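Structural features, examined
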Amino acid sequence: MNAHHVSRKSRRPAGRGLGLVELMVTVAVVGVLMAVAVPWLGGMVERRRVTAVADELNSIFKLAASQANVVGDRVTLHFEIDPNDTMSCALLISQPTSALDNCKCYRPAAQVCGTDPNLVLRLFQLPKSDNVSFQASADAWGGFAYRLGVARNSPDFMVKNLALTVTGRKTGAQLRVQYNTAGRIRTCTPNGSMSGYPAC
């Protein structure tokens with residue numbers, strides 16, 4: 001009886017040791033999986049954000065065309081570079097012929113057009129802290145840099161090959177929204193980093 005009792009006591013520490021080893025192995029495996037999964041998930045989220053931003057810019061171009069063609073108002077798109085480098089921005093305004101366009105897309109939302117906020121049709125401000133940004137470029141801007149005028153049956157021929165390039169800071173994922181003088185919009189990937197899109 002005593003020998004059997006001692007034998008049962010001697011097995012308890014061994015059982016506890018085995019449980020601790022198993023726990024440590026499990027924690028190590030979970031740690032390895034997390035180390036692999038977290039960057040992958042972060043990259044996937046950023047790529048989806050790049051797509052969402054490109055879709056938003058695409059919709060702003062379409063709204064500009066709709067406003068000009070259906071309603072008949074002349075509209076202007078603004079894509080100024082923020083001098084403080086805190087955001088990327090796009091602004092769509094209605095521009096009556098008598099109105100002077102002093103708007104800047106990077107100003108605080110209530111002040112983008114100074115004292116005339118009624119001109120604003122859509123404002124899109126993307127903080128740089130989101131790790132996704134976009135920038136406008138063109139072969140020629142015409143009279144005003146980073147502006148595009150859109151009117152019914154009167155395309156802005158002065159702005160040539162306008163493109164908005166959306167970039168994810170961590171992954172380098174890129175989409176480019178291109179707008180030509182015929183009003184056609186095309187989304188493509190300039191560096192082949194986004195599947196499902198044609199190369200630019």
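Residues numbered from 1 in each chain as written. Predicted model: local features only at pLDDT ≥ 70, side-chain atom pairs only at ≥ 80, totals over all residues. Heavy atoms only, no water.

1. Regarding the state of the cysteines
A covalent bond between the sulfur atoms of two cysteines is what we call a disulfide. Within the structure shown, the criterion is met by 3 disulfides. A disulfide bridge connects Cys 103 with Cys 113, and the sulfur atoms are separated by 2.0 Å. Around the S-S axis, the bridge from Cys 103 to Cys 113 shows a dihedral of about 110 degrees and counts as right-handed. Of this pair, Cys 103 sits in the loop between β2 (87–94) and β3 (120–127) while Cys 113 is found in the loop between β2 and β3, placing the two residues 10 residues apart along the sequence. Classification of Cys 113 as buried rests on a relative accessible area of 9%. At a sulfur-sulfur separation of 1.9 Å, the disulfide partner of Cys 188 is Cys 200. A torsion of 100 degrees about the S-S bond marks the disulfide between Cys 188 and Cys 200 as right-handed. Of this pair, Cys 188 sits in strand β8 (residues 185–188) while Cys 200 sits in the segment after β8, and the two are 12 residues apart along the sequence. (Disulfide = S-S within 2.5 Å. Helix = DSSP H or I, 4+ residues; strand = E, 2+ residues; numbered from the N terminus. Buried < 20%, exposed > 50% of the residue type's maximum accessible area, 1.4 Å probe, protein only.)

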